[in-house]
Structure formats: C-alpha cells, structure tokens
Amino acid sequence: MTGSTAIQSALSSGSYVLPRGGTIFYPAQINHNQHALTISDLPEAPVHAPFREARFRALAQAMDESDADWGVISAELLEFVKPEALKAVLDEFFPDYAGRTRLVAYVRPHHARIVSGYAEALKKSGGPPTMAGYFDRRKGAQRFYHPRFAAWKETFGEAFTAKAFHPDSLRAGDVVHDFIAFTTQQPRARSTLETVPNASLSLPDLAMMREVHARIMEMEGGEAAGMELARRQIGWHMAPILGRRYGELGVPAADKLRMPRPLAQKVADHFRDDAAAMDDAFFKGMPLTKALADAVDSAPPQRQSLDPESYFDAVDLARIRAWAEFIGRIAIADPEAFFWASMPPEERAAHMERARAVDGTLTEEDVQQEAGTGSLISRIKGKIS
C-alpha cells in the first residue's frame, strides 16, 4: 500500500532508474483505488462492490501476461480495507504469487494524518467547522495506528512492512527513492520525477470548496438521498482539475492547511502511547514520537481562517456561489447520474467496460459511445441498483 501521489506518478510515467536493470509493471494510469473500493468500508463501497470480481480478475490477467520483473498495485484507499479482505482477494485472484507478494504501508505521523484528513473532509463534504471539531469526531479507537497495523502484521506476517512517512526515515529523504529501492532491492535506484502532480488544495481552495458545499446543502433537495456521494464527487474531481490548471499557469504555491498549536499539543498528548507502540513494533529511531514533538514546536499559534471572505472579494464570492447553485441544481435533479457523469471520460468508460464484463448486456458499441449521454448513464445505473 503506497498511497502516495509521488510514487504513483513515478510508476505510471516510468520516471525512475534501476542501476542493475529490470522492469516494473504498473497497470494503472494513476492508482488502483477503484479496486480497493470494491472491498473497502467506505460509503461508496456498495456502488463498487458488484465489480469486485471483474476488476481484480482483469488486474490478475494483466499481471500474468506481463514479463516484467516486478508488479505493483498501489491504492491509498487500501487504508479502509480490512487485511483479511485483501488476503481473500490475493488468495482468490493471485494464487500464483503466494510467497512472493510483499505489502508496504507508509505511515503518516499523527498530526499530518489529521491535517490531511480534515483537508479531505473540507474538499468532499465541507467538513466540520474547525479542525478541532474534526479531531474530536475522529480521535476514537479507529484512529490509533498500532491496533490496525498489528492486525496487518498478524495477517501477512513478514510479507508486511510499515515505513514511517518522514524524510528522516526514507532513503535519500524521498518516498519515491525509498519505494523503488524497497521494491527492487536496489539501494541505488532513484527517481527521475521532476514535478509531482499534487491534488492537495490550498487554503483559498479549501475555503472555496467549503462554500460550494454549504450553498448546495442550503438548496431544496441539497441533503436528499444520494447527495452526499454526489457532493463527494465534486471535491474528488475538482482537486486534480485545479492542480492541473495551476500547473499550466505556473501559479505559485499558496498557503496550505496547518494545525494550530493548542490543538497540536492536544493531539500529541492523545496519541503519545500509540506513537510509542508503533515505534517499538515497526520502526527504528522513534520517528512517530519525534514527529509529535516536532509538530507542536512548529505549529502556528492560532487557527487559520477558512472563511471565504478572507480570500475572495464580494464579486468573486458571487461567482463562486452562482456556480455552486448551478452545479447543485444539476446534482439534485439526479444525484446518481451526477455521480457517474462527474467522472473523467476515461474513468466512466472503464466503469462501463467493467459493467459489461459483469453481466454481458452492454455491447461493444455501447462502450464506444460517449459516456456522458443520459441513456447510457441510466443503463450503467441499472448495473449497481
């Protein structure tokens, strides 16, 4: 489980050098989250579960047909998969790789994980009003690392490796270098990735998404059945579009979301024992314990503003709210169709191909049609109902 945009970008573009030769097979444009979703505990799982066999069988076939030295499956959403569910998939679809499969998980320090999770919540749902509120909702047992990673270790034994996602713990201080070297067992393997496409949003972007969600939820039908998933799609697919457009224009990096010092201290106190247990079981040098202290020391004294008025003037805000109302009107009219139509065309086409593989009722002609047409979307909807 890599779960890193940098790793996935390097793998998909072949941006690495292996001094001792060899090839890595990576059958994905970016990641394998669509596979992970079929066996995950996420709200979207029921939509994807019917495609479990078709997706993993196709992936296994691609692996079998490759003559590469290594094959990689990467999905950050494996975080939301129980280890026994993944083991069942490996046993069922990849039996020939038994004894040769390794799993690696890069573990974010606790503070970074909460900041990242809150940013995702803002992006996909508008989030709780404050990061402190997000932490209070998420600080339960499921947020502790050690019990979860102990379960992965118990399920997969020596085939499972946990690595601290911290520069001091990574080869050459870089996660891509570290992963490629780990995969190939070539310590001098290196990345040639010059730029990393990053879908993480800046503070102004997050404030904008928060406002978009708020406006849609205020509309009649904005909180109707199906709208939660529809709104998640807005955030999920808007982030890479913004990242690409900013990259094309060379937009300077804006301020990112950070955790204020009072909350950072609270988080450090809450996860101190969990960090120590993880360090003792999986790491050298106590990286997670050190990260707790570093996060408190480097935290800004006060909470950053997420109010859109802090970043946009009245005219820009009016434009944002107008677009939110327009998008909301479309989504509310048919949340399920919006779920599919909001995907990039290639992703919709992949879904149609998988739906056809499941029951054979979609023809080759269907698959070649424009994925956004209403009649075809309705047929795909029928595959998951």
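Rules and cut-offs
- Residues numbered from 1 in each chain as written.
- Predicted model: local features only at pLDDT ≥ 70, side-chain atom pairs only at ≥ 80, totals over all residues.
- Heavy atoms only, no water.
- Helix = DSSP H or I, 4+ residues; strand = E, 2+ residues; numbered from the N terminus.
- Polar contact = N/O pair within 3.5 Å; in protein donor to acceptor, adjacent residues only side chain to side chain.
- Contact = heavy atoms within 4.5 Å.
- Buried < 20%, exposed > 50% of the residue type's maximum accessible area, 1.4 Å probe, protein only.
- Pairing = 2+ DSSP bridges.
- Expected span 1.5 Å × (residues − 1).
- pLDDT = per-residue confidence, 0-100.

Moving on, we get to the side chain of Thr38. Within the fold, Thr38 resides in the loop between helix H2 (33-37) and helix H3 (45-48). One polar contact links the side chain of Thr38 to the main-chain carbonyl oxygen of His35, over a distance of 2.6 Å. When sequence neighbours within four positions are dropped, the list of residues in contact with Thr38 reads His48, Ala49, Phe51, Arg52, Arg55 and Phe56.

Glancing now at the pairing of strand E4 (residues 103-107). The element E4 is extensively covered by neighbouring structure, given that five of its five residues are classed as buried. Side chains of E4 alternate between two faces, with Leu103, Ala105 and Val107 and Val104 and Tyr106 buried alike. Across five bridges, E4 lies against strand E5 (residues 160-164) in parallel orientation. Within the sheet, the bridge partner assigned to Ala105 lies in E5 and is Ala162.

The first and last C-alpha atoms of helix H6 (residues 110-125) sit 22 Å apart over 16 residues, in line with the 22 Å expected at 1.5 Å per residue. Counting buried residues along H6, twelve of its 16 residues qualify, which places the element largely inside the surrounding structure. Within H6, the full set of buried residues consists of His110, His111, Arg113, Ile114, Val115, Gly117, Tyr118, Ala119, Ala121, Leu122, Lys123 and Lys124. Each element contacted by the buried residues of H6 is listed here: helix H7 (131-138), helix H8 (145-156), helix H10 (203-218), helix H11 (227-249), helix H12 (261-282) and helix H13 (287-298). Once H6 ends, the next one or two residues include Gly126, with phi positive near 95°.

It is worth spelling out the confidence of the model for the protein chain at this point. Here the protein chain averages 87 in pLDDT, and 88% of its residues register 70 or above. Mean pLDDT across the secondary structure elements of the protein chain bottoms out at helix H18 (residues 374-384), with 43, and peaks at helix H5 (residues 83-93), with 98. Note that pLDDT drops below 50 for residues 357-364; the model gives that stretch 19 contacts with residues more than four away or on any other chain. Segment residues 366-385 is flagged for pLDDT under 50; beyond a separation of four residues in sequence, or across chains, it makes 43 contacts in the model.

Our next topic: the environment of Ile327. Inspection of the secondary structure assignment puts Ile327 in helix H14 (residues 314-333). Among the residues examined, Ile327 registers a relative accessible area of 23% and is labelled partly exposed. Not counting residues up to four positions away in its chain, the partners in contact with Ile327 are Ile234 and Phe338.

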